[in-house]
Amino acid sequence: MTHRVVWTGLVAAGLVISACAGAAGLPSEITGSVTVESSPPTTAAPACTADQAAADPVRSYPPLDSLPSPGAMPAGSTMAAIAERGRLVVGVSADTLLFGARNPLTGEIEGFDIDVLGEVARAIFGDDGAERIEYRVITYAQRLPSLEARDVDIVAHTMTINCARWLRIAFSSEYFDAGQKILVGTGSGYSGVDDLVAAGARVCAPEGSTNIEEITKPQYVDPGDGRPGVEVIGKPDISDCLVAMQQGEADATTGDDTVLAGFAAQDPNTEVVGEAFTREPYGLGMNSADVDFVRFVNAVLEDVRSSGRWAEIYQRWLIDTGALVAAAPPDPPPADHGRELP
Amino acid sequence: MVPLARAAGTPSGAATAWRRLAAIRAGDSPTRLRAAAAVTALCGVLLSIGGWFAVDRREAAIEDAAAAAEQLIRVQDVRVLVVQADSIASGAYLEGGQERPERRADYDARVTAAASGLVQVAASAEGDDIDLLQAATGELARYVGLVEQARANNRQGFPVGAAYQRQAREVAIGLVDDLRTVEQQTRDRVNDSIERADGASWPLVLTAFVLLAAIVVGSLWLAARWRRLVNLPLAAAGVIALLVLTVGVGVNGRAAGDAGDAVSGDLAAADLIAQARAAGFDARADEALTLVARGNGAAYETGWALSSSIVAAALDQACTEFDAGCDAIDAYGRYADGHALIRDLDDGGDWDAAVSLSTTGSAAGVDGAGVDGAGLDPVTDFDDFADRSSTALAARSQAAATTLADAVDPLGALQVIVVVAGLAAAGLAVAGYGQRLREYR
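Trainee: What's the story with the overall build of chain B in this structure? I'm lost.
Mentor: Of the regular secondary structure elements, chain B holds 13 helices and zero strands. Counting helices and strands in the order they occur from the N terminus, chain B gives α-α-α-α-α-α-α-α-α-α-α-α-α. Relative to the compact-globule value of 22 Å for 441 residues, chain B shows a C-alpha radius of gyration of 34 Å, a clear excess of over 25%. The C-alpha extent of chain B, read off along each of the three principal axes, is 110 × 45 × 30 Å. Counting the 441 residues in chain B, one finds 53% classified as buried. Restricting the contact set of chain B to residue pairs at least 6 apart, pairs at least 24 apart contribute 81%. For chain B, the exposed surface amounts to about 18300 Å²; the carbon and sulfur share of it is 59%. Counting 37 positive and 56 negative side-chain charges, chain B places the averaged centre of each group 19 Å from the other.

Below, the structure is given as structure tokens:
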């Protein structure tokens, strides 16, 4: 009996002592949470029918017969809504030198596209129009989605007018005539896209651009004639392609001659070579439902062409900067206003 | 007289041992007394060995925990430095090519400290961490190179600088992710060490308990058989065993308890505050990037919200559970209000005012009721958050390090005492049974 009591006591003591220890320790890393608005479902790019493809994509809606005076936009129009808001929301590039680039010294976004937008804003608001512009910096790939989602009223972003894009958005008449070329390292020996195909070179192009659509065509990536074909590297933005070249990740960049001229100006070790192998007509993009706005913008562009303002803008960004060697600005590309109103 | 040692069984084969055991069972009292003395003495020696082993293992485990805790604080320090440097670089880009010299100096100081911090961290790293830290060192060098490229291009007015800045940020994010992995592995190592320290005491408890049991049973046997109430030497041995079982195990347990408390208290608080700081500076970098993206910074704003939710959760836990960093909560809350105003200004089309508010803390041209009237100064408020959290972090990490170092202090002496106590108990047991044996001479 006594033995059992002692034994039980000792066991209990042992249990108490061993139970004394024990700690919670360090909790795991804190992970935050945030509710993200679901992004709109991405639909496959619609394809143009043979008839649509045969029609000239640069054909836009006829301009308004007469431009309303600034500050007096027709009631119920898209322009009236913009005027009432007091701001024209525009989607632009901030790193396409000469067309839409943020000047790091002043912080201002400037370029050919920006000046054209200034004309549109002045037509809506009057003389202080340029100050009423609200800039949204977007990437190449965001150009169509931001218009479809109405995040912006208008996009001026070195955007090529083509049939597939007309199925999603509407374009103004052509305001600039560019062409796709290649940028290579000086002394690389490449003098055109054929050299790149023959050498199996690594060519960078921005995703979601007509440039990458072109360069991924079989004739360049898989010519089937014994030449290796180019290896295409896609980047979110074309400026990432210049970085890729400077870092030795790409041998060449393909893009519009206008954009590549800006790159050659930023990096003296690169040069634009060869003939343009596509035609890239630039247009201002708008929501496809805003036909009245497209017609308004086309009327503004008519003014810009005929008043000599177009030549001034061309002179300022492409000749005075030394980007293109030309004695005088060329004639602006002719406008085609033959598209049937919906 | 048969020597005691032989009664315990000399190594002369299993058969011999079995014969001796049978002799003890059927044997006379002197044989039984010798056997009891031998068993009790053996238990004393076992206490010496088991106790020494247990205390040694616990000491080593607590020292491991302290080293891992120190490593955790160092890794977090490097992470905060990297995020701070990136936040400065992103902000400088927003201000244009004319970088203020003091900002440049701030950035340089952070990058230099992060580099030397990485060297220190790598020197005390183990396992996978070594590879991760090697990768992190390479990423830091790459990051610095990209920021330099961005800066050089910006100075010349080349927009490709923005592409370099974006790429630099991506490298910084990868580097921070590597450091976070190292942090989590280090956290696990702290917890494992503390668990090992907790589990290390059983040989001491067991051997002390067995010794005490042997003495108690022996004393009861002596009392019943020889009608003596107390055998003094044996009683003294019992007191020693009891003291080891209570005081010794108590001291040993307290060391592990102190270490565990330091880890689940001060170190946990420091860990939370360090996480809040890293997330806070990350949010500030995202704020700059939403403005660089000029009205199109939705992705960075999501990043800001995510980082801010980490700041809120970490500071809230630190304050409610550990009463640490509470004053940083208000500061961050005010900063978050200022950030909301910056977003309102940018989304409302007043980008210049948004940039001014974010970089200087005030925005001219915005009416007083909107900004100055509300008393919101996101720059000062964020700096407040940074200062207050830094103070709290230093205090808690220092406290944790001190407690962990102090926890092992008594264990060295305890180790010696337990060894001596075990041997003394063995000697006393032999003496106690010897008193009864003498009656048979």
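Trainee: Is there a simple way to think about the sheet that holds strand E1 (residues 88-92) of chain A in this case?
Mentor: Two pairing modes exist for strands in a sheet, parallel and antiparallel, and in both the strands are linked by backbone hydrogen bonds. All names here are of chain A. Here five strands make up an open sheet; going across it, the order is E5-E1-E6-E14-E7 and the pairing mixed. Every other strand in the sheet has two partners, leaving strand E5 (133-137) and strand E7 (169-171) as the edge strands with one partner each. Recorded for the sheet is a direction-independent mean angle of 30 degrees between the axes of neighbouring strands. As paired strands, E1 and E5 are joined by five bridges and run parallel to one another. Note on E5: the bridge partner recorded for Leu88 is Ile133.

Trainee: What exactly am I supposed to notice about the nonpolar core here?
Mentor: The nonpolar side chains of a soluble globular protein tend to be buried with one another. Counting residues in each nonpolar core, the largest one holds 97 residues, and the members touching the most others are Ile62, Leu179, Leu204, Tyr332 and Phe385 of chain B. Here the element with the most residues in this core is helix H8 (residues 232-292) of chain B; it accounts for 22 residues. Once residues lying within four places of it in the same chain are set aside, the contact partners of Phe385 of chain B are Ala276, Arg277, Gly280, Val311, Leu315, Ala328, Ala331 and Tyr332 of chain B. In terms of nonpolar packing, the next biggest core, distinct from the first, is built from 92 residues, Leu144, Phe171 and Ile238 of chain A together with Ile88 of chain B among them.

Trainee: How should the interface of chain A and chain B be read in this particular structure?
Mentor: Accessible area lost when the parts come together is the quantity often used to give the size of an interface. Counting residues at the interface gives 46 residues for chain A, matched by 58 residues for chain B. At the boundary of chain A with chain B, total buried surface from both sides reaches about 4500 Å², with 61% on carbon and sulfur atoms. Contact with chain B buries area across many residues of chain A, yet Leu26, Glu29 and Ile30 of chain A alone supply 17% of it, more than any other trio. Here chain A and chain B share three salt bridges between them. For Arg180 of chain B, the salt bridge is made with Glu29 of chain A, and the minimal N-O distance between the two is 2.8 Å. Applying the counting criterion to the chain A and chain B interface returns eight residue pairs in polar contact (both at pLDDT 80 or more). Listing elements by their share of the side of chain A that touches chain B, those giving two or more residues are helix H1 (2-20), strand E3 (100-102), E5, helix H10 (238-246) and helix H11 (257-266) of chain A. Tallying contributions element by element places H1 of chain A first for the side of chain A that touches chain B, with six residues. Of the residues in the side of chain A that touches chain B, the class split is 25 nonpolar, 13 polar and eight charged.

Trainee: Where do I start with the pairing of E1 of chain A in this structure?
Mentor: Remark: a regular strand shows side chains that alternate across the two faces of the sheet. For E1 of chain A, a buried count of five out of five residues is recorded, marking the element as mostly surrounded by other parts of the structure. The two faces of E1 of chain A match: Leu88, Val90 and Val92 of chain A on one face and Val89 and Gly91 of chain A on the other face are all buried.

Trainee: Please explain the packing of helix H4 (residues 101-123) of chain B against helix H5 (residues 128-155) of chain B as it appears in this structure.
Mentor: In a pair of packed helices, the angle between the axes and the distance between the axes together describe the arrangement. Residues and elements named next belong to chain B. For the pair H4 and H5, the least separation of the axes is 9 Å and the interaxial angle reads 165 degrees. Looking at the two axes, H4 sits roughly antiparallel to H5. In this structure, H4 meets H5 at a crossing whose hand is left-handed. Contact residues: H4 offers Arg104, Tyr107, Val111, Ala114, Ala115, Leu118, Val121 and Ala122, while H5 offers Leu133, Ala136, Thr137, Leu140, Tyr143, Val144, Val147, Glu148 and Arg151. In terms of residue class, the contact of H4 with H5 is built from 13 nonpolar, one polar and three charged.

Trainee: Would you mind going over the layout of surface pockets with me for this structure?
Mentor: Rolling a probe over the atoms, with the probe sized like a water molecule, indicates the empty space that remains. Residue and element names in this part refer to chain B. Here the second largest pocket is characterised by a volume of approximately 560 Å³. Lining of the second largest pocket is provided by 24 residues; of these, Ile88, Arg103, Asp106, Arg284 and Asp383 occupy positions nearest its centre. Of all the secondary structure elements, the ones that give two or more residues to the lining of the second largest pocket are helix H3 (29-94), H4, H8, helix H11 (351-360) and helix H12 (378-407). Ranked by the residues each element gives to the lining of the second largest pocket, the list is headed by H12, at six residues. Here the lining of the second largest pocket is composed, by residue class, of seven nonpolar, six polar and 11 charged.

Trainee: Quick question: what am I supposed to make of empty space enclosed by the protein here?
Mentor: All names here are of chain A. Overall, the coordinates contain three cavities of 30 Å³ or more when judged by the stated rule. If you go around the second largest cavity, the residues you meet are Val116, Tyr175, Leu301, Val304, Arg305 and Trp310. The leading source of residues in the lining of the second largest cavity is helix H12 (residues 291-306), at three residues.

Trainee: Looking at this structure, how should I read the packing of H8 of chain B against H11 of chain B?
Mentor: Residue and element names in this part refer to chain B. The contact between H8 and H11 brings their axes to 10 Å, and the two run at 160 degrees. As the angle between them shows, H8 and H11 are arranged roughly antiparallel. Here H8 and H11 pass one another in a crossing that is left-handed. Residue-level inspection shows Arg284, Glu287 and Leu291 of H8 in contact with H11, the latter providing Trp351, Ala354, Val355 and Ser358. Looking at the contact of H8 with H11, its residues break down into four nonpolar, one polar and two charged.

Trainee: Looking at this model, I keep getting lost on the environment of Leu357 of chain B. Mind explaining?
Mentor: Along the chain, the position of Leu357 of chain B falls in helix H11. For Leu357 of chain B, a relative accessible area of 0% corresponds to the buried category.

Trainee: Help me understand the pattern of salt bridges, please; the structure alone is not making it clear to me.
Mentor: When the charged atoms of two side chains with opposite charge come close together, those side chains can pair. Taken as a whole and judged by the stated rule, the model has 46 salt bridges over all chains. In this structure, Arg309 of chain A and Glu119 of chain A form a salt bridge, with 2.5 Å as the shortest nitrogen-oxygen distance. Here Arg309 of chain A is found in helix H13 (residues 309-319), whereas its partner Glu119 of chain A is found in helix H4 (residues 112-125), with 190 residues between them in sequence. On the accessibility criterion, Glu119 of chain A (14% relative accessible area) is buried. Between Glu70 of chain B and Arg74 of chain B there is a salt bridge, with its nearest N and O atoms 3.5 Å apart. Highlighted residues: Glu70 of chain B and Arg74 of chain B, both in helix H3, separated by four residues, approximately one helical turn.

Trainee: Looking at this structure, how should I read the sheet that holds strand E4 (residues 109-110) of chain A?
Mentor: Residues and elements named next belong to chain A. Overall, antiparallel pairing links the three strands, which are arranged E2-E3-E4 in an open sheet. Strands with a single pairing partner mark the edges of an open sheet, and in this sheet they are strand E2 (95-96) and E4. For E2 and E3, the ladder comprises two bridges, and the chain directions are antiparallel. In the sheet register, Thr96 faces E3, and the bridge partner there is Gly100.

Criteria and cut-off values
Residue positions within a chain follow its written sequence, with the count starting from 1. To label them, take the chains in the order written and letter them from A, then take the ligands in the order written and number them from 1. In keeping with the predicted nature of the model, local features appear solely for residues at pLDDT of at least 70, side-chain atom pairs appear and are counted solely at 80 or more, and the whole-chain, interface and lining totals rest on all residues. Note: side-chain values were computed over all heavy atoms of the structure, leaving out hydrogens and water. The numbering of helices and of strands both runs from the N terminus, where a helix is a DSSP run of H or I of at least 4 residues and a strand a run of E of at least 2. We compute the radius of gyration over the C-alpha atoms and compare it with the globule rule, which gives 2.2 Å times the number of residues raised to the power 0.38. Here the term buried applies to any residue with accessible area under 20% of the maximum for its type, exposed to any over 50%, and partly exposed to those in between, with areas from a 1.4 Å probe on protein chains only. Should any heavy atoms of two residues lie within 4.5 Å, those residues are considered in contact. A 1.4 Å probe and the Shrake-Rupley method give the accessible areas. Residues count as covered only by the protein chains that appear here. Residues counted as positive are Lys and Arg, residues counted as negative are Asp and Glu, and His and the chain ends are not counted. Charge coordinates come from a single atom per side chain, which is NZ of Lys, CZ of Arg, CG of Asp or CD of Glu. Pairing between strands is defined by DSSP: at least two bridges between them are needed. Lines fitted to the C-alpha atoms define the axes, with helices restricted to the stretch that makes contact. Angles between their N-to-C directions range from 0 to 180 degrees. Definition used in this section: a nonpolar core is a set of buried Ala, Val, Leu, Ile, Met, Phe, Trp, Tyr and Cys residues joined via side-chain atoms within 4.5 Å. Buried area: the sum, over both parts, of the accessible surface (1.4 Å probe) that disappears when the two are put together. Just to be clear on terms, a salt bridge is a Lys or Arg side-chain nitrogen sitting within 4 Å of an Asp or Glu carboxyl oxygen. The definition of a polar contact used here is a pair of N or O atoms within 3.5 Å, where within protein one atom must be able to donate a hydrogen and the other to accept one, and adjacent residues in sequence count solely through side-chain atom pairs. Amino acids outside the nonpolar list (Ala, Val, Leu, Ile, Met, Phe, Trp, Tyr, Cys, Pro) and the charged list (Asp, Glu, Lys, Arg) are all regarded as polar, and Gly is one of them. Convention used here: angles under 35 degrees read as roughly parallel, angles over 145 as roughly antiparallel, angles from 65 to 115 as roughly perpendicular, and any remaining angle as oblique. Left-handed is the label given to a crossing in which the near helix is rotated counterclockwise from the far helix by less than a right angle, and right-handed is the label when the rotation is clockwise. Only protein atoms enter the calculation, which uses a 1 Å grid: trapped sets of points that fit a 1.4 Å probe without letting it out are cavities, open sets showing protein on both sides within 12 Å along at least five of seven lines are pockets, and any residue with an atom within 4 Å of a point is a lining residue. Grid points are joined across faces, edges and corners, and a volume is the space filled by probe spheres set on the points.

Read these as spatial facts, not as claims about activity.
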